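Listed below, chain by chain, are the residues.
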Amino acid sequence: MRAQDVKAFEYLYDNYSGAVYGIIFKIVRSEEFAQELLNDCFLRIWNKINDYDASKGKLFTWILNIARNLALDKLRSKEYKAKMKTDDVSENVSISDLQYSQANNPEFIGIKEMVEKLPIEQKKLIDLMYFQGYSQSEIAEELNMPLGTVKTRVRAAMSTLRKLF
Amino acid sequence: MNIEEYISSGVLELYVLGALSKAEAVDVEVHAAAYPEIAEELRTLQATLEGFAQAHAIQPPAHLKQQIVSEIEKTVAQNKSGKTVKSISISNTSSLFNWLTAASIIVAIATSVLSGYFWSKWKNAEGHIIALEKENVIFAQNANYQIDSTQLIIQEKNQSFSFITDTATTKVVMKGLPISPSSVALVFWNKNTKEVFLDVKSLPVPPAGMQYQLWALDKGVPVDAGVFDLATAGNLQKLKSINSAQAFAVTLEKAGGSPTPTLEQIHILGTI
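Residues numbered from 1 in each chain as written. Chains lettered and ligands numbered in written order. Predicted model: local features only at pLDDT ≥ 70, side-chain atom pairs only at ≥ 80, totals over all residues. Heavy atoms only, no water.

Caption draft 1: The packing of helix α2 (residues 31-48) of chain A against helix α3 (residues 59-76) of chain A, seen in detail. Residues and elements named next belong to chain A. One can describe the packing of α2 onto α3 by two numbers: an axis separation of 10 Å at closest approach and a directional angle of 135°. As judged from the angle between their axes, α2 and α3 are oblique. Taken as a pair, α2 and α3 cross one another with a handedness that is right-handed. Contacts from Phe-33, Glu-36, Leu-37, Asp-40, Cys-41, Arg-44, Ile-45 and Lys-48 in α2 reach Trp-62, Ile-63, Ile-66, Ala-67, Leu-70, Ala-71 and Lys-74 in α3. Of the residues assigned to the contact of α2 with α3, the class counts are ten nonpolar, no polar and five charged. (Axes fitted to C-alpha atoms, helices over the stretch in contact; angles between N-to-C directions. Helix = DSSP H or I, 4+ residues; strand = E, 2+ residues; numbered from the N terminus. Parallel < 35°, antiparallel > 145°, perpendicular 65-115°, else oblique. Left-handed = near helix turned anticlockwise from the far one by under 90°. Contact = heavy atoms within 4.5 Å. Nonpolar A, V, L, I, M, F, W, Y, C, P; charged D, E, K, R; others polar.)

Caption draft 2: Seen up close, the environment of Leu-38 of chain A. Within the fold, Leu-38 of chain A resides in helix α2. The buried category is assigned to Leu-38 of chain A, whose relative accessible area is 0%. In this structure the C-alpha to C-alpha distance between Leu-38 of chain A and Ile-24 of chain A, which are 14 residues apart in sequence, comes to 7.4 Å. Look past the residues within four positions of Leu-38 of chain A in its chain and what remains in contact with it is Tyr-13, Ser-17, Val-20, Tyr-21 and Ile-24 of chain A together with Pro-60, Leu-64 and Ile-68 of chain B. (Buried < 20%, exposed > 50% of the residue type's maximum accessible area, 1.4 Å probe, protein only.)

Caption draft 3: Region of interest: the sheet that holds strand β6 (residues 237-239) of chain B. Residue and element names in this part refer to chain B. Here we have eight strands laid out as an open sheet, ordered β5-β4-β7-β8-β1-β2-β3-β6, and antiparallel in their pairing. Every other strand in the sheet has two partners, leaving β5 (221-228) and β6 as the edge strands with one partner each. Within this sheet the neighbouring strands show an average axis-to-axis angle of 30°, counted without direction. Note: strand β1 (residues 169-176) against strand β2 (residues 184-190), seven bridges, orientation antiparallel. If you follow Val-172 over to β2, its bridge partner there is Val-187. (Pairing = 2+ DSSP bridges.)

And the structure:
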């Protein structure tokens, strides 16, 4: 029974670690933090799998939310802010460019170009929300636009993405 | 609610992108559970985001897997007691079904909450009925008691009346002596039945530890007819039966009465 659990876990890891690592990396933009977070994320999945509620969505969505929340927590931590201040920013940028060529799924190679098709405002919205954890009101404040406009743009951006995926 | 408007408002997109507050997110989940169209829209958006995430996939360094798996195996070894059973389902079943499940669970919860509400209402009503029934029983008991006691009083009065009007009954008026000039009481004595009834019209309240005592005087010899209190004044009090008497008198004695009357304490006296 236990051996089977570990086997199931390995299956889970093989299927989702790429996407999880990609999201985490996109958020913290540091290999060191991303590796630590990947470890934390899968330990949490292991420990909390009984909390997963199939009625609230697919397992993949649940896993992505765990990964994203852990990474955003790290992003806001003092430890992260102190570390990233001293690091060379350009190094991180070059790594981040690397990620798309390493994509798990061959069909998504060149995705960068596809995402780039998003109008710049829409891309910024997605980045701020999904990868930097801004709330809708924080975005409205940051981009100095009414809440209604934020909603309209987000909807437009998601509808563009929907055509891609 | 206008479902189309809700879907096009952009709130579902904000939900999947994690840009809603906890309360706003719960609100979306409630809507999704209640309206299949919203659940379907949400499912599509989640699938889009999953694709988006998959597109950002980066193969993590290979050594990480072994590191994580061995950590998991460690926790398995520690948990040999087997407290928690892990069940990992990796199914791709349409999450529409999941939303339907959620919707039906919410309906079930709502139904049970409602039935709980009605149950407590019903329970309350039942409680009221029981209380009313109890009140009713008590009221009936009181009414019966009133009727019974009234009948008892009537019966007593009738008995008194027939006793007093009996030709064998003699009325003796005892009048106040100088020690208590304004006192007066009546004695009704029936020569046949030997019964004695007393009707006190007026007597001073006795000092503490003292009681009035009725005496029958038969050929100059005082015979004890019993002690009495003023509490029931106005009603006839039945005292000890007396075989033969020519006069009646009341003295003030120590509580419980005396074997012989204290002559200087004769308050009232009446002769036949």
